[in-house]
Structure formats: C-alpha cells, structure tokens
Amino acid sequence: MTAQTDTPGSVTTLYKVSGMSCGHCEGAVSGELSELSGVTSVKAVASTGEVTVVSTGPLDDAAVRAAVDEAGFELVGPA
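Residues numbered from 1 in each chain as written. Predicted model: local features only at pLDDT ≥ 70, side-chain atom pairs only at ≥ 80, totals over all residues. Heavy atoms only, no water.

### Structural notes on the overall build of the chain
Worth spelling out the cut-off: The secondary structure listing takes helices from DSSP runs of H or I that are at least 4 residues long and strands from runs of E that are at least 2 residues long, numbered from the N terminus. Throughout, the radius of gyration refers to the C-alpha atoms, and the reference size of a globule is 2.2 Å times the residue count to the power 0.38. Note on classification: 1.4 Å probe, protein chains only; a residue is buried when its accessible area is under 20% of the maximum for its type, exposed when over 50%, partly exposed between these limits. Residue contacts are counted whenever heavy atoms from the two residues lie within 4.5 Å of one another. Each accessible area is a Shrake-Rupley result for a 1.4 Å probe, and residues are judged covered by the shown protein chains and nothing else.
A count of helices and strands for the chain gives two helices and five strands. Taking 12 Å as the expected radius of gyration for a compact globule of 79 residues, we find that the chain reaches 11 Å, a close match to that expectation. Dimensions of the chain, computed from the C-alpha atoms along their principal axes, are close to 35 × 20 × 20 Å. In the chain, which comprises 79 residues, the share counted as buried stands at 38%. Sequence separation of 24 or more characterises 60% of the internal contacts of the chain that already satisfy a separation of 6 or more. For the chain, the accessible surface area stands at approximately 4200 Å², while carbon and sulfur atoms represent 51% of it.

So, in structure tokens, the structure goes:
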C-alpha cells in the first residue's frame, strides 16, 4: 500500500476499495477501519472507491484487509 509521512509520527495511506456506492457504505468501511489500533482518521469516498487512512504508524495490510472484509467490501490494492 502507498504510505507517506505527513507530520512526524503520522502516516497517511490511500487504499482502493471496491463495492462502495453510497454514504452508508463509506460509513461502514470508515467504522471498521477506525477500530484498528493506531488509526486516527478515516475518509472513504464511494464515488472513487478511495479510502484515506491516517495512523500513528504503518498499518498491517492483513488487518486492513480484514476490516474492509468485515464491512462487506473488498480491498483491491493501493490507490
């Protein structure tokens, strides 16, 4: 996944998620990802399928995939 450091100790990662089509979808994905340890903010955009996650450090790809799966969607890769 693509990651860049915005501020000291902060990592922003952009993911591509398939299947989101509305605000409810965005909320479901955001809610699951927000529960991951270290996540400080999540912004999901259904129209582009992009999900931006800000965290205190790099996230485990398997944990991110599991959270997106739990929300009912598919993590298709880095955006």
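### So, a negative patch on the surface
As a reminder, the rule being used: Like charges are joined within 9 Å and nonpolar side chains (Val, Leu, Ile, Met, Phe, Trp, Tyr) within 5 Å, but only among residues with over 30% relative accessible area and no salt bridge; these make up the patches. Within this document, salt bridges are pairs made up of a side-chain nitrogen of Lys or Arg and a carboxyl oxygen of Asp or Glu, the two lying within 4 Å of each other. Residues scored as charged are limited to Lys and Arg (positive) and Asp and Glu (negative), so that His and the chain ends carry no count. By convention, charge coordinates are those of NZ in Lys, CZ in Arg, CG in Asp, or CD in Glu.
A cluster of acidic residues, Glu 35, Asp 69, Glu 70 and Glu 74, forms a negative patch at the surface. Structurally, Glu 70 is set in helix α2 (residues 61–70).

### Re the pairing of strand β2 (residues 11–18)
Selection rule: The pairing criterion for strands is at least two bridges between them, as found by DSSP.
Direction of pairing for β2 relative to strand β4 (residues 50–55): antiparallel, over a ladder of six bridges. Within β4, the position partnered with Thr 13 by the bridge is Val 53. Pairing geometry for β2 and strand β5 (residues 74–78), over four bridges, is antiparallel. Counted as the bridge partner of Tyr 15 is Pro 78 from β5.

### A closer look at the environment of Ser 34
With respect to the helices and strands, Ser 34 occurs in helix α1 (residues 23–34). Assessed through its relative accessible area of 41%, Ser 34 is described here as partly exposed. Not counting residues within four places of it along the chain, the set of residues in contact with Ser 34 comprises Val 39 and Val 42.

### Observations concerning α1
Quick reminder of the rule: One fewer than the residue count of a helix, multiplied by 1.5 Å, yields its expected span. Directions drawn from the helix axis to the C-beta atoms are what define this arc.
In this model α1 runs 16 Å from its N-terminal to its C-terminal C-alpha over twelve residues, within 8% of the 16 Å that 1.5 Å per residue would give. Within α1, burial applies to Cys 25, Val 29, Ser 30 and Leu 33. Along the axis of α1, the buried positions cluster into a sector of 125°, meaning they face one direction only. As for α1, its buried residues are in contact with β3 (39–45), β4 and α2.

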